[in-house]
Amino acid sequence: MATNRSGAAQRPNGAPQTKVCQFKLVLLGESAVGKSSLVLRFVKGQFHEYQESTIGAAFLTQTVCLDDTTVKFEIWDTAGQERYHSLAPMYYRGAQAAIVVYDITNQDTFGRAKNWVKELQRQASPSIVIALAGNKSDLAAKRMVEFEEAQAYADENGLLFMETSAKTAMNVNDIFLAIANKLPKSEGAGAAGAGGARRLADGEQPRPSSCCK
Amino acid sequence: MYQDNEDDYKFAACTYFAKNHPGETCGSNGLPLTPSSITILGLAQRLLTIEHPNLCTYLDIIRGKHERIIVVAEVVGKSLSDFKSKFTINEVVNIAHQVADALKFLHEQGITHRTLSDDNILVDGEGRVKLFNYGLYYMTGGGNEVSFPLGLPKYLSPETILNGGGPAADVWTFGIILLELCIGKLWQNLKPGPILRRILTLVHANNPAERMAREHDCYDAYKQLPENLRLVIEKCLKIYPRERATFSEIVDDLSQINTSEMAEVKQPRGLMGCKLQYLYHWWQLAGGDIQAELKKNGLIKNSPPILSMPIAILLDGCTIGGKTGALFDCRIAKYSLGLLKSRLSHISAHDYYPLMHERRKQYDAVSLPKIIRERDTEYQFYRLLWFQRLLHGYPYTAPYIRAEAEIDIPPLVRGDVWAALLGVVGDIEEQYERIDKETPTPTDRQIDVDIPRCHQYCWLLCGSAGHRTLKRLLKAWLLMNPQYVYWQGLDSLTAPFLYLNFCNEARAFACLSAFVPKFLHNFFLKDNSMVIKEYLAKFWQMTAFHEPELASHLHEINFVPELFAIPWFLTMFSHVFPLHKIVHLWDALLVEGPSLPLFMGVGILRQLRDTLLESGFNECILLFSDLPEIDIGECVKESIDMCRSSPRSISYRRFTNEARTKEPMDMVEIPMEMLFAEICPRISLSDFFSLICQDKSCVIDIRSNLLYEKSCIEGSINVPYSGVHLGQHELRALGLNPQRVLKEAMKVKKTIVVASAEDETAQLFSDYLVKCSVPRVCIFHGGISAVQTHLPSLFTTPAPPNKNGNK
Ligand SMILES: Nc1nc2c(ncn2[C@@H]2O[C@H](COP(=O)(O)OP(=O)(O)OP(=O)(O)O)[C@@H](O)[C@H]2O)c(=O)[nH]1
Ligand SMILES: [Mg+2]
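Residues numbered from 1 in each chain as written. Chains lettered and ligands numbered in written order. Predicted model: local features only at pLDDT ≥ 70, side-chain atom pairs only at ≥ 80, totals over all residues. Heavy atoms only, no water.

Going by an unreviewed UniProt entry, chain B carries the name TBC domain-containing protein kinase-like protein and comes from Manduca sexta.

Chain A is annotated in an unreviewed UniProt entry as small monomeric GTPase of Manduca sexta. As stated in UniProt under Subcellular location (unreviewed entry), the record for chain A gives "Early endosome". UniProt lists a comment for chain A under the heading Catalytic activity (unreviewed entry), and it reads "GTP + H2O = GDP + phosphate + H(+)". (UniProt positions renumbered as here; feature names shortened; annotations may be inferred.)

Here you go:
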């Protein structure tokens, strides 16, 4: 898989036949499970031990190249503290994909992840692709959430599932890639959420949300 | 050229290495272990605040390369070990008395010396004693953070050799030193091993002091000592720690024996009479460099790295071979103030004692940027002495402090000045003491995960001492403010106060407690959405007021402040910038007051203006997720300009802790829904009136021509709303005369006041002006009718239009 720096490849030169799709993806999960760290690893290939906590939300973009398509993710990394919950709909409304993150060393965060999944199933676009990420898999010695338990839960709910580590980079690109693969890339697909998807970015050029050229 | 003289050597440095964590440097949470040097720096902060006449003041603790620690402290005279001649009994008693005084003080502070020896007891020419480097044991966490043994073998107490030992070990050491002063050095030709064995054999002695004297063939000399002095020695040299005297007893005993009168300490005048901390600070500004001097003195050696490469590295990370420097070096390097003296030699004696009633001097440096002023020796010299003076008179001098802080705040006293600006007074220690900071609460988990992510590049805040204190501060604040809850970001907000008051937790708390009601009233309510929405709406209006072109662009691409500015205001930028920038922002904030942050927000946008103007939604939001370098000095300057040039009422917010005005002339409050819809702010009648009086306003009356001609505000122009094409964003479209008047008004920075009979047309028209890039547009609160009611005298019948238009 090839990743480009954010925003670098709107349309790769010399390959005009490649489809370029744009998707809005949101990260949700309890505070300190590693949402920002996953994004930072995916977008910049870095890991900061002292990653600052997120207030409100942060926005980043990253492009991945599949066989015949270039997928540009517009990533909203949200604040994890329960108090900021009321802001969340602003970000997941109209998102085509979500990664719900928990920390494998903390059972409570897994519970919170399940709540997020429920909320997304109720409130978000029905076609949203949800992935569950059990982060901090490098801390296996302190594991509190069993892989099988999470896998079973993911299967039941039709979620993509991987254990990841922002620290070692394990499965980080893979989970984004798996999402990219699962997202519908044909013309008009995912348009159900289009109205909301562009809500935040309405004013920018009027283009369909998962626009394919 | 200047001449170095003995008295100029006021401070010295010594250096050692902190322990290196071998191999895997991660704790169980997957995060790196705190380096020992960081822990040491955190612990040592307390030492920097200790003041006692018999203790050398600590001035600085520096972290060098490779876990090197450099300690800078005051020095005087020379050490006991450097004295060649014997002391008389009177001198001995006098020295011992002062040493005991110092140790008594340290023990009262809960600090054990543990490394007392004849080379860290300094005596000056007048027999005054100061202990040097008494904090080594304390700052290394009882020796845990270093991998060399602490203390010279011959001064160790038996229990220290066996299992560590507590404060009473200092009493033993003191006894040995006293004995040495009386009968000469002990065990001079022995190696450490045999010395330790000798000490341990004393365990069987009835009277270890006598026994040692006998071993050194000094029994007779010992017996000839005055009995009361011998008694003191024997009270110290008891084998069992609990049988030893305490320092307060020893001080009492010695004060009975001590007959020497200390000469009055003559405080030198001029430079050498200034606080040592100031001297050190100025010395550094004048180019003094601790590390360079250490190198020159051979205390830091630069050997080619190849020589220190290990021969082998084991799998667990331990290394074998390789030349490393000594872990502990007992030598010290002294520093001369000669350079500073000559740098400040032209300053008249008079200037050392600035008087309150004299007009303060104007210095050329004032025109330079703050960061440069902060590095200017002479400027900081004047500023510090002046602030010292003012702070001394606080709280009575509060208005002077504010006036001076407006110019700048010397970094060395920033903590004191901030506390003064925030009005901190009273017995804050006692109040803070009483608050329960320990009982667990459900919020703890969030605090615990936030603290290790809060300003961790700062070595003060990243150590365990910093973490613990920050947690206590947050818990105390939450407990004392039950109406509020912990919002992520409160940690960042607290950090600057902790940073500036690291050893004065109570004051950090008092500052935070005073800051929130003033700047962030109701921001930390469980439901703060209205408070934040109002704030952001006001911020957006201020942007339209000062940066209309940018505001129109951002409105157009639907780029709303909710997406990026919440952390700005919720934390007063403390979550957005590093500490060295925050302090400059807050210096201004504390002086200017609670409206300034809105304009700081505009100031930041202004710096990014060009990029923002040519960017679409995604690029804009990306810019804020990863904020580019902001010139804080510039931002502060601009925001103060904007703030001061804006009528007060346009930044009015209802959610503040100021009493609401009932005076109709001052009122600008509108329902929240309306506020969110209005792009331009409203101006109150009284603000409008002052603008008129100063000829700083341009009134655009958008009522019909008919109404206008009946009666209108003097000096206003008429642009009937019905004739405006809102779609055409060009002033020209308004007609020649209005265009000319507006252009003229913009040139001299007049405030454009839109006056109408209805709110709706006023909103639409003011919005239109913003789209035409007209700055400083606001709406008349209450419209024309309010002016008619409250300021009827402003009305007149307009002159025929053909004359001049605006008259
Ligand atoms: N060992 C380990 N630590 C991680 C990993 N991912 C993140 N962390 C650490 O966990 C802490 C929290 O990470 P963040 O990325 O800030 O968490 P977040 O979910 O964005 O938290 P909020 O912004 O508060 O919602 C940081 O100290 C990271 O260094 C990981 O995969 N392994
Ligand atoms: Mg985050």
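**Remarks on the site of ligand 1**
Close contacts around ligand 1 come from 27 residues, with Ser31(A), Lys35(A), Ser37(A), Asp138(A) and Arg453(B) the closest. Around ligand 1, the nearby residues trace back to chains A and B. Between Gly34(A) and ligand 1, the recorded distance is 3.0 Å, taken from a backbone N or O atom to an oxygen atom. Contact distances for ligand 1 include 2.7 Å between an oxygen atom and a side-chain N or O atom of Lys35(A). Protein contacts shield 98% of the accessible area of ligand 1, which totals 660 Å² for the unbound molecule. (Near = heavy atom within 4 Å. Polar contact = N/O pair within 3.5 Å; in protein donor to acceptor, adjacent residues only side chain to side chain. Areas by Shrake-Rupley, 256 points an atom, 1.4 Å probe, with all protein chains shown as cover.)

**A short note on the sheet that holds strand β11 (residues 697-701) of chain B**
Consider a sheet: its strands pair through backbone hydrogen bonds, and that pairing is either parallel or antiparallel. All names here are of chain B. The five strands are arranged β10-β15-β14-β11-β13 in an open sheet whose pairing can be described as parallel. Here the strands that pair on one side only, and so sit at the sheet edges, are β10 (682-683) and β13 (717-718). In this structure, β10 lies alongside strand β15 (residues 777-780), joined through two bridges in parallel fashion. From the neighbouring strand, Ile683 faces β15, where its bridge partner is Phe780. On the sheet, helix α35 (residues 736-747) packs against β11, β13 and β14 (751-755) and is oriented at approximately 155° with respect to β11. (Pairing = 2+ DSSP bridges. Helix = DSSP H or I, 4+ residues; strand = E, 2+ residues; numbered from the N terminus. Contact = heavy atoms within 4.5 Å. Axes fitted to C-alpha atoms, helices over the stretch in contact; angles between N-to-C directions.)

**Observations concerning the domain arrangement of chain B**
Residues and elements named next belong to chain B. Along its sequence, chain B is carved into domain 1 (6-74 + 273-339), domain 2 (81-126 + 146-257), domain 3 (354-421), domain 4 (428-519), domain 5 (529-646) and domain 6 (672-806). Residue-level contacts link eight residues of domain 1 with eight residues of domain 4. Across the interface of domain 1 and domain 4, roughly 680 Å² is buried in total on both sides, 80% from carbon and sulfur atoms. Interface area lost by domain 1 to domain 4 is led by Ile38, Gly42 and Gln45, which between them contribute 51%. At the boundary of domain 1 with domain 4, the tally comes to zero salt bridges. If you look at where domain 1 meets domain 4, you find zero residue pairs in polar contact (both at pLDDT 80 or more). Its residues assigned to classes, the side of domain 1 that touches domain 4 comprises two nonpolar, five polar and one charged. (Domains from an automatic or database assignment. Buried area = accessible area lost by both parts, 1.4 Å probe. Salt bridge = Lys/Arg side-chain N within 4 Å of Asp/Glu carboxyl O. Nonpolar A, V, L, I, M, F, W, Y, C, P; charged D, E, K, R; others polar.)

**Notes on the packing of aromatic side chains**
For the coordinates displayed, the defined rule picks out 51 aromatic pairs over all chains. For the pair Tyr16(B) and Phe148(B), a centre-to-centre distance of 5.8 Å together with 75° between the ring planes defines the contact as edge-to-face. Separated by 132 residues along the polypeptide, Tyr16(B) in strand β1 (residues 9-17) and Phe148(B) in the loop between α3 (136-139) and α4 (158-163) bring together distant segments of the chain. For the pair shown, Tyr16(B) and Phe148(B) are each scored as buried. Members of the aromatic cluster, connected to one another through ring pairs, are Phe523(B), Tyr535(B), Phe539(B), Trp540(B), Phe559(B), Phe564(B), Trp568(B), Phe569(B), Phe573(B), Phe577(B), Phe617(B) and Phe624(B). Here the guanidinium or amino end of Lys114(A) rests over the ring plane of Tyr153(A), the centre of that ring lying 5.5 Å away. (Phe/Tyr/Trp six-rings, centres within 6.5 Å; stacked < 30°, edge-to-face > 60°. Buried < 20%, exposed > 50% of the residue type's maximum accessible area, 1.4 Å probe, protein only. Lys NZ or Arg CZ within 6 Å of the ring centre and 35° of its normal.)

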